[in-house]
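# Structural characterization, general
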Amino acid sequence: MAGHHSEHEHVRVAVVGSGFGGLGAAVRLRREGVTDFVILERSGSVGGTWRDNSYPGCACDVPSHLYSFSFAPNPEWPRTFSGQEHIRAYLEHVTDTFGLRPHIRLDSEAKHMRWDAERLLWEIETSSGTLTADVVVSATGPLSDPKIPDIAGIDTFEGKIFHSAQWDHDYDLRGKRVAMIGTGASAIQIVPEIQKEVGRLTLFQRTPPWVLPRADRAISGAERWLHRQLPFTAKARRGLLWGIRELQVQAFTKRPNELGMIESLAKRNMHRAIKDPVLREKLTPTYRIGCKRILLSNTYYPALARPNVDLVASGLSEIRGNTLVAADGTETEVDAIIFGTGFHVTDMPIADRVTGADGRTLAESWQDGMKSLRGATAAGFPNWMTIIGPNTGLGNSSMILMIESQLNYMADYVRQLDTLGGRVALAARPSAVNAWNRRVQDRMKRTVWNTGGCTSWYLDQNGVNTTVWPGTTTEFRSATRRVDLAEYEVVRPPKPVQAASGARTEKVGA
Ligand code: NAP
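Numbers given for residues are sequential positions, taken from 1 along each chain in its written order. Whole-chain, interface and lining totals are the exception, using all residues; otherwise, since this is a predicted model, local features are given only for residues with pLDDT of at least 70 and side-chain atom pairs are given and counted only at 80 or more. Hydrogens and water are ignored here; the side-chain numbers use all heavy atoms of the structure.

With that settled, consider the overall build of the chain. A run of H or I in DSSP becomes a helix once it reaches four residues, and a run of E becomes a strand once it reaches two; helices and strands are each numbered from the N terminus. The number of helices and strands found in the chain is 14 helices and 21 strands. Just to be clear, the radius of gyration here is over C-alpha atoms, and the globule rule we use is 2.2 Å times residues to the power 0.38. Over its C-alpha atoms the chain spans a radius of gyration of 24 Å, differing by no more than 12% from the 24 Å that the globule rule assigns to 510 residues. The principal-axis extents of the C-alpha atoms in the chain amount to approximately 80 × 55 × 45 Å. Each residue is placed in one exposure class: buried if its accessible area under a 1.4 Å probe, protein chains only, is under 20% of its type's maximum, exposed if it is over 50%, and partly exposed if it falls in between. Within the chain, the proportion of its 510 residues that are buried is 55%. Restricting to contacts in the chain with at least 6 residues of sequence separation, those with at least 24 account for 71%. Taken as a whole, the chain presents about 21,500 Å² of accessible surface, with 51% of it coming from carbon and sulfur. Positive charges come from Lys and Arg alone, negative charges from Asp and Glu alone, with His and the N- and C-terminal ends not counted. By convention, the point assigned to a charge is CZ for Arg, NZ for Lys, CD for Glu and CG for Asp. Across the chain, the mean location of the 61 positive side-chain charges is 8 Å away from that of the 55 negative side-chain charges. In this description, contact between two residues means that some pair of their heavy atoms is separated by no more than 4.5 Å. Accessibility throughout is a Shrake-Rupley quantity obtained with a 1.4 Å probe, and a residue counts as covered only by protein chains that appear here.

Take a look at the structure:
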């Protein structure tokens, strides 16, 4: 941007992260004609959560033809629910196809970003040097920093410990006594895979999940040929997958009782494999289906019925040497512990690394809960936006749809800055942020996530759902189509004569 002097390299946009969100942002920026941008990636390759999660059985529960970018269809998806390695390869392919490599800085972890209110830019310290940017697009994702619970005595454990997202492929599980902690989407994919190898598997289940059958199958050569030759067939397939899910949303958001019908399908899925009534009892949830993410598996329950598996229907509460003690007092001796205990979602670690206009970090500003404007921007953090920000998650459809909506918003944001011209920033008005959050939380009241009788990672420490979008993807698409300048203050640099008085703001719209 004109008139800017800095001792550091300066870019128009710095994108943080190279998962679906960051790569999508990069493609979109290029399409908007913005080429002056970098993607900062803390790791040595692209792919985000699909690079990190390499545990046995890792796959996506959203059909691949929907869990991919609309602008990068892949006629070659091998299965209806493709595995991690195929999704990761897809992201590498997107990186090449759209010429993103020159923009990517690998092994460049964003350590800290600070808003410079005088110069109207972000100063970003990374592990490979400092740079400045007019706009930051933070695409670090909600499922990127593994969470291991603070278990008393964890330091006394002498065996092997790792998290599902940091799988130790060098550790040989064969014949070992292994504890799997947690029964979320990751754990239930891992259990059937490792059950075949380990000597004894003890699963610590604090809350049983609802598990529906998984309609996974190979996509035939004929289908793939058709999608290759006639791209509209792949588009139609995607449209159908999207439409079905769009119609289901109301049950989650407005009429949770309708979901009761699906509970019987899940129970039948369990009854088919689990013949022991005591085990069935332990595995039967007592909350409404959908309150926690619905899991899909045909192999989880059969694995639990195998003789080398024990289910402890209680959380892990203490570790004494090699003995794991559950909250109900059950003691189990193991050689290895695998934590399938999820991620730091509502306490997003990147928030500690962002310092805004008033000198406070985003984490401090979000102390009482994450709050954004349209899932993207935050009050006090001009020209900073996040992809998959607060209340943009989905309970039943593809996150890529939400990401693409946020990319529309980002594109319009950058366009608006260009139109305003000169050195300029947009600062979300607190009143607009509050109005948006009131609207979101009002709609949240009736949803299954809030009324279903469970606790989940969707809720923050105060029990507020700051993660899920309480509507259809279509509604979110229309809410993010354009940046409404009335919701922002337009910030200009201080005039030379006013140099000491800080940046001035312009009134635009209401
Ligand atoms: P998660 O859903 O947060 O599950 C964490 C699990 O750890 C829960 O079962 C939790 O129990 C349990 N837990 C926590 N502390 C415990 C303790 N002290 N003792 C026993 N259990 C404990 O994490 P995740 O499975 O990694 O999944 C996170 C998200 O990633 C998913 O919801 C999904 O969005 C995504 N994901 C998707 C797929 C897929 O598409 N198939 C696969 C993996 C992940 P409570 O339920 O009692 O809290």
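What follows is about empty space enclosed by the protein. Picture a little ball the size of a water molecule; that probe, rolled over the atoms, points out where space is still empty. Site definitions follow a grid-based scheme: protein atoms alone, a 1 Å grid, a 1.4 Å probe that fits but cannot get out for cavities, and for pockets an open set with protein on both sides within 12 Å along at least five of seven lines, plus lining residues having an atom within 4 Å of a point. Grid points are joined across faces, edges and corners, and a volume is the space filled by probe spheres set on the points. Inspection of every chain in the model, using the stated rule, returns two cavities of 30 Å³ or more. Roughly 40 Å³ of internal volume is contained in the largest cavity. Around the largest cavity, the lining residues are V249, F252, T253, G393, L394, G395, N396, W449, V468, W469 and G471. Ranked by residues supplied to the lining of the largest cavity, first place goes to helix α6 (residues 231-253) with three residues. Classes in brief: Ala, Val, Leu, Ile, Met, Phe, Trp, Tyr, Cys and Pro nonpolar; Asp, Glu, Lys and Arg charged; the others, Gly included, polar. A class-by-class count of the residues in the lining of the largest cavity yields six nonpolar, five polar and no charged. Estimated volume of the second largest cavity: approximately 30 Å³. Taken together, W436, R439, V440, R443, W469 and P470 form the lining of the second largest cavity. In terms of residue class, the lining of the second largest cavity is built from four nonpolar, no polar and two charged.

What follows deals with the state of the cysteines. Cysteine sulfur atoms are paired as a disulfide whenever they fall within 2.5 Å. Taken as a whole, this structure holds one disulfide when the rule is applied. Note that C291 is cross-linked by a disulfide to C454, the S-S spacing being 2.0 Å. In this structure the cystine formed by C291 and C454 twists about its S-S bond by roughly -90°; its chirality is therefore left-handed. Note that C291 is positioned in the loop between α8 (277-283) and β11 (295-296) and C454 in the loop between α13 (448-451) and α14 (473-479), a separation of 163 residues in sequence. In this structure C454 comes out as buried when scored by relative accessible area, which is 14%. For the unlinked cysteine C58, the closest cysteine sulfur is that of C60, found at 8.6 Å.

For an interface, size is often stated in terms of accessible area lost upon the parts coming together. Domains are outlined according to an automatic or database domain assignment. Split into domains, the chain comes out as domain 1 (10-144 + 346-509) and domain 2 (154-217 + 249-339). Here the C-alpha centroids of domain 1 and domain 2 sit 32 Å apart. With 29 residues of domain 1 at the interface, the matching set in domain 2 holds 28 residues. Looking only at domain 1, the three residues that lose the most surface to domain 2 are Y55, D61 and V448, adding up to 23% of its buried area. The working definition used for a salt bridge is a side-chain nitrogen of Lys or Arg within 4 Å of a carboxyl oxygen of Asp or Glu. Inspection of the region where domain 1 meets domain 2 yields two salt bridges. A salt bridge links D216 to R79; the nearest nitrogen and oxygen atoms lie 3.1 Å apart. Identification of polar contacts relies on pairs of N or O atoms within 3.5 Å, with a donor-acceptor requirement for protein atoms, meaning one able to donate a hydrogen and the other able to accept it, and with residues adjacent in sequence counted only if both atoms are side-chain atoms. Where domain 1 packs against domain 2, one counts 14 residue pairs in polar contact (both at pLDDT 80 or more). Here the side of domain 1 that touches domain 2 takes three residues from α13, the largest share from any one element. Residues belonging to the side of domain 1 that touches domain 2 are distributed by class as follows: eleven nonpolar, 13 polar and five charged. Defined here as a combined quantity, buried area equals the accessible surface (1.4 Å probe) lost by two parts on assembly, summed across both.

A cluster of nonpolar side chains, W225, L226, L230 and F232, forms an exposed patch at the surface whose accessible area comes to about 410 Å². Within the secondary structure, L226 sits in helix α5 (residues 221-229). According to the relative accessible area criterion, L226 is partly exposed, its value standing at 34%. By definition, no residue in a patch forms a salt bridge, and every one has over 30% relative accessible area; like charges are joined within 9 Å, nonpolar side chains (Val, Leu, Ile, Met, Phe, Trp, Tyr) within 5 Å.

Residues are classed as near a molecule or strand on a simple rule: at least one heavy atom within 4 Å of it. Near the ligand you find 26 residues, and of these D61, S186, R206, T207 and K292 are the closest. The contact in question runs from a nitrogen atom of the ligand to an N or O atom on the side chain of Q189, over 2.9 Å. Take G340: an N or O atom from its main chain is 3.3 Å from an oxygen atom of the ligand. Isolated, the ligand exposes 920 Å² of accessible area, and the fraction of that covered by the protein chains is 87%. At three residues, helix α4 (residues 185-195) tops the list of elements feeding residues into the shell around the ligand. Per-class residue counts for the shell around the ligand are twelve nonpolar, ten polar and four charged. For the shell around the ligand, the domains that each give at least three residues are domain 1 (10-144 + 346-509) and domain 2 (154-217 + 249-339).

Aromatic rings from Phe, Tyr and Trp, taking only the six-membered ring of Trp, are treated as a pair when their centres fall within 6.5 Å; an angle between ring planes under 30 degrees marks them as stacked, one over 60 as edge-to-face, and anything in between as tilted. As enumerated under the stated definition, the model contains 18 aromatic pairs in all. With 6.4 Å between their ring centres and 70° between their planes, F162 and Y171 make a pair best called edge-to-face. Of the two residues, F162 and Y171, both sit in the buried class. Geometrically, the ring pair formed by W469 and F476 is edge-to-face, given 5.1 Å between the ring centres and 65° between the ring planes. As far as the burial class goes, W469 and F476 line up, both buried. Among the aromatic residues, those joined into a ring-pair cluster are F20, W50, Y67, F69, F71, W77, Y90 and F98.

The subject of this paragraph is the packing of helix α1 (residues 20-31) against helix α3 (residues 84-97). Two numbers describe how α1 lies on α3: the axes approach to 10 Å, and their chain directions differ by 20°. Taken together, the axis directions place α1 and α3 in an arrangement best described as roughly parallel. Between α1 and α3 lies a crossing of left-handed hand. Residue-level inspection shows F20, L23 and V27 of α1 in contact with α3, the latter providing I87, Y90, L91, V94 and T95. A breakdown of the residues in the contact of α1 with α3 according to their chemical character gives seven nonpolar, one polar and no charged. Fitting a line to C-alpha atoms yields each axis, with helices limited to the stretch in contact; the angle taken between N-to-C directions then spans 0 to 180 degrees. Roughly parallel means an angle under 35 degrees; roughly antiparallel means over 145; roughly perpendicular covers 65 to 115; every other angle is labelled oblique. Definitions for this section: a left-handed crossing has its near helix turned counterclockwise from the far helix by less than a right angle. A right-handed crossing has that turn clockwise.

Bringing the side chain of S82 into the picture now. Within the fold, S82 resides in the loop between α2 (49-52) and α3. Polar contacts involving the side chain of S82 include one to the side chain of S64, which spans 2.7 Å. Separated by 3.2 Å, the side chain of S82 and the backbone oxygen of R79 make a polar contact. Not counting the four nearest positions on each side in its chain, S82 is found in contact with A59, C60, S64, W77 and I87.

Quick look at the nonpolar core now. A general tendency of soluble globular proteins is for nonpolar side chains to be buried together. For the purposes of this section, nonpolar cores are sets of buried Ala, Val, Leu, Ile, Met, Phe, Trp, Tyr and Cys residues that join through side-chain atoms within 4.5 Å. Within the largest apolar cluster, 113 residues are counted, with the highest numbers of intra-cluster contacts made by F20, F69, V137, I194, Y301 and L304. Looking at which element gives the most residues to this core, the answer is helix α11 (residues 399-420), with eleven residues. The residues that make up this core include at least three from each of domain 1 (10-144 + 346-509) and domain 2 (154-217 + 249-339). When near neighbours in sequence (up to four residues on either side) are disregarded, Y301 contacts P209, V211, N269, M270, A273, I274 and L283. A14, L120, W122 and M370 belong to the second-largest nonpolar core, a separate cluster that totals 27 residues.

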